[in-house]
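# A structural walkthrough
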Amino acid sequence: LPNLEFKFVTANTLIGLDEGKKGGMMAFDFGETTELQNQLQQLRNTYLQASPQEKENLKQQFEQLQTQIYKNELKAGGQNKRAQQLAAWKPFSNESSSWFNPEWMFGVEKFDVVIGNPPYSVFQGKSKKDLDILMENKIYEKAKGGKINAFELFLCKVPELLKDNGINCQIFQNSFLADNSSSKLRNFYLTKQQIISINSYPERDDPKKRVFENVKMSVCILLNKNTVVKDYYFSVDFWNDKHKNEGKSITYNNNEVIEFNKEQNIIYNLNIIEKKIFEKYFVNNKIKYSDYFDCLEGELNMTFHKEYLISDKTKPLVVKGAQVQRYFVTDTPSQGKVEYVNDKKYLNDYSGSKKSQHHKKTRIAMQGITGANDKIRIVSTLVSENVFLANSCNYIIDISNDLHYTISFLLGIFNSKFTNWIFRRSSTNSNVNCYEVNNLKLPRYNKILFEKIGNYALLSLNNKNLEFQREIDIMVFKLYELSYDEVLVVDPEFGLSEQEYDNYKW
């Protein structure tokens, strides 16, 4: 308590004390700056053991030394960043420090425990300049991949602050568990740290159930140890509300998470039975969608390509996300208006784009955004040749000459209850991202079922009779070899008895 100036510190944890030039000094200051820095540190150490009467005198000496360091820097041209940082530090006031160093500020090299609630904000706009400076430090490379969020940088920094076997406990965005932008960081924590437990609070919509009522943000709490263990288990609890009245628990092996998804290492929201279904889906089926199909954002950006949008119905239709429904395109969208494209002008201006020829193929269009908690996350249909797509859609085109995997077969798989169930548990946000789609797995080839699913998908187009879709659901369950009990987990309202399902003939 007598030394709160050096026990409670407000500082920018992401920026450390500069290591300085060789020897900590400029070549022409004859060691004076380095000597003053050493004296400053000695004063700090003496202050911690001093009497109240001595402290006031030491405080004055400390500030005088800082002033002398600052003057020396002005004489030397102000190129010694370390000296500048030390001169600007105000431990005896409430001013925040622009840097952080455990040894200088606390007298310890590293900590036993780090606890934090880092800021959640994406570096963009003006803050992009701050990010460029931070990313010069190699420890933050683990955060690279897509837009970088501030909390990711703090997770990069923590191991640098911890002793071996030190404990970290942080609360931050729940997107850490699944978003592509955090994939490198997840892999680091799975393989270079030992995760002890994760408590996830996915609720976003009900303020009374959120951890932070005024922030529409789902969060999670990570507890980990700063050590490398090649093979270990950790617990994950997914809570329905902040009071932890209801939820589900699962135990994961770190290598198991990587096996599910080698590129993204997603920590899925599952219970024990659901986990077994995921093992069957991701481990037993080795073929990814991206081996045969490509997922892309619609070729027309509704902001940058406004000049090509017209109301002339004789021109090609532009399909927007709100127009895409399961197995049909509506001409009365829930938002916006139906528009068309001046294709001649657009194709002339974008002749070099790889997307410029995709309208010549029949392709799958899907909504680019659906509710994160919606039962149906993938809403898709076929669009014919000479139809253009807005960037509020994603689309799928075939990139293989293998006729086993037809675009109509994929449509049936996409719109099935099983694929939607898998996707809903794989995604933590409302975007239907192409990288998530590309990670989905195709079943092993079965000639009869593949052809039937493709035919039934074509019969479902613009058809309000749901019988074809029900048949597709059953055949998809069979293709992925789900047991009857597993089917009921995916679809509790499944219409067949166990005997009917076991004896189902296609």
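The present account deals with the structure reproduced in this document. (Residues numbered from 1 in each chain as written. Predicted model: local features only at pLDDT ≥ 70, side-chain atom pairs only at ≥ 80, totals over all residues. Heavy atoms only, no water.)

## Brief notes about the pairing of strand β14 (residues 363–367)
Counting buried positions over the five residues of β14 gives five, a clear majority of the element. Along β14, one buried face is formed by Arg 363, Ala 365 and Gln 367 and the opposite face, lined by Ile 364 and Met 366, is buried too. Bridging between β14 and strand β15 (residues 380–383) involves four bridges; their strand directions are antiparallel. Along β15, the bridge assignment pairs Arg 363 with Val 383. (Buried < 20%, exposed > 50% of the residue type's maximum accessible area, 1.4 Å probe, protein only. Helix = DSSP H or I, 4+ residues; strand = E, 2+ residues; numbered from the N terminus. Pairing = 2+ DSSP bridges.)

## Re the sheet that holds strand β8 (residues 293–297)
Across the sheet, which stays open at both edges, the four strands sit in the order β8-β17-β14-β15 with antiparallel pairing between neighbours. Of all the strands in the sheet, just β8 and β15 have a single pairing partner and so form its edges. When the angles between neighbouring strand axes are averaged without regard to direction, this sheet yields 30°. Strand direction decides the pairing type here: β8 and strand β17 (residues 393–398), joined by five bridges, are antiparallel. When the sheet's bridge partners are listed, Cys 295 is paired in β17 with Ile 396. Where helix α11 (residues 407–414) meets the sheet, its contacts fall on β8, β14, β15 and β17, and the angle it forms with β14 comes to roughly 20°. (Axes fitted to C-alpha atoms, helices over the stretch in contact; angles between N-to-C directions. Contact = heavy atoms within 4.5 Å.)

## Quick look at the nonpolar core
Counting 114 residues, the largest nonpolar core has Leu 153, Tyr 252, Ile 396, Phe 414 and Phe 418 as the members making the most contacts within it. Of all the elements, helix α6 (residues 150–161) adds the most residues to this core, at eight residues. Among all residues touching Leu 153, those that are not within four sequence positions of it are Leu 14, Phe 123, Leu 131, Leu 134, Met 135, Tyr 140, Ala 143 and Ile 148. (Core = buried A, V, L, I, M, F, W, Y, C linked by side-chain atoms within 4.5 Å.)

## Details of helix α14 (residues 447–460)
A rise of 1.5 Å per residue sets the reference length of α14, with its 14 residues, at 20 Å; its end C-alpha atoms lie 20 Å apart and thus fit the reference within 8%. For α14, the complete set of buried residues consists of Leu 449, Phe 450, Ile 453, Gly 454, Ala 457 and Ser 460. For α14, the angular spread of buried residues about the axis comes to 130°, placing them on one side. Backbone geometry just downstream of α14 places Asn 462 in the positive-phi region, at approximately 55°. (Expected span 1.5 Å × (residues − 1). Arc of directions from axis to C-beta.)

## Observations regarding the pattern of salt bridges
Applying the stated rule across the entire model yields 21 salt bridges. One salt bridge in this structure joins Lys 345 and Asp 349, with 3.7 Å as the shortest N-O distance. Linking Lys 345 with Asp 349, this pair stays in helix α10 (residues 343–349), spanning four residues, or about one helical turn. Among the salt bridges present, the one from Glu 451 reaches Lys 447, with a minimum N-O distance of 3.0 Å. (Salt bridge = Lys/Arg side-chain N within 4 Å of Asp/Glu carboxyl O.)

## Some remarks on α6
Helix length check: α6, at 12 residues, gives a terminal C-alpha distance of 17 Å against a target of 16 Å (1.5 Å per residue), a fit within 8%. Of all 12 residues in α6, 11 are buried; the element is thus mostly enclosed. Inspection of α6 places Ala 150, Phe 151, Glu 152, Leu 153, Phe 154, Leu 155, Cys 156, Lys 157, Val 158, Pro 159 and Leu 161 among the buried residues, and these make up the whole buried set. Next to the buried residues of α6 lie α4 (102–106), β1 (111–116), α5 (128–134), β2 (162–173), α7 (183–191) and β4 (219–225).

## As for the environment of Val 379
Structurally, Val 379 is set in the loop between β14 and β15. What Val 379 contacts, discounting residues up to four positions off in sequence, is Val 324, Gln 325, Arg 326, Ala 365, Met 366, Gln 367, Thr 370 and Asn 415.

## Notes on the sheet that holds strand β9 (residues 309–310)
Sheet strands pair by backbone hydrogen bonding; their relative direction is either parallel or antiparallel. With mixed pairing, the four strands of this open sheet are ordered in space as β9-β13-β10-β16. With one partner strand each, in any of the chains shown, β9 and β16 (388–389) form the two edges of the open sheet.

## Here we look at the packing of aromatic side chains
In this structure the tally under the stated criterion is 43 aromatic pairs. Between Phe 188 and Tyr 189, the aromatic rings sit 5.5 Å apart at their centres with planes inclined by 80°, giving edge-to-face as the arrangement. The pair formed by Phe 188 and Tyr 189 is uniform in burial state, with each residue classed as buried. By way of ring pairs, the aromatic residues Phe 260, Tyr 268, Phe 278, Tyr 281, Phe 282, Phe 418, Trp 421, Phe 477, Tyr 480, Tyr 484, Phe 494 and Tyr 501 are connected into one cluster. (Phe/Tyr/Trp six-rings, centres within 6.5 Å; stacked < 30°, edge-to-face > 60°.)

## A closer look at unusual backbone geometry
One non-glycine residue, Asn 165, lies in the positive phi region at around 70°. Its place among the elements puts Asn 165 in strand β2. In this structure Asn 165 comes out as partly exposed when scored by relative accessible area, which is 46%. Residue Asn 386 is not a glycine yet carries a positive backbone phi of 65°. Within the secondary structure, Asn 386 is located in the loop between β15 and β16. We classify Asn 386 as partly exposed; its relative accessible area is 40%.

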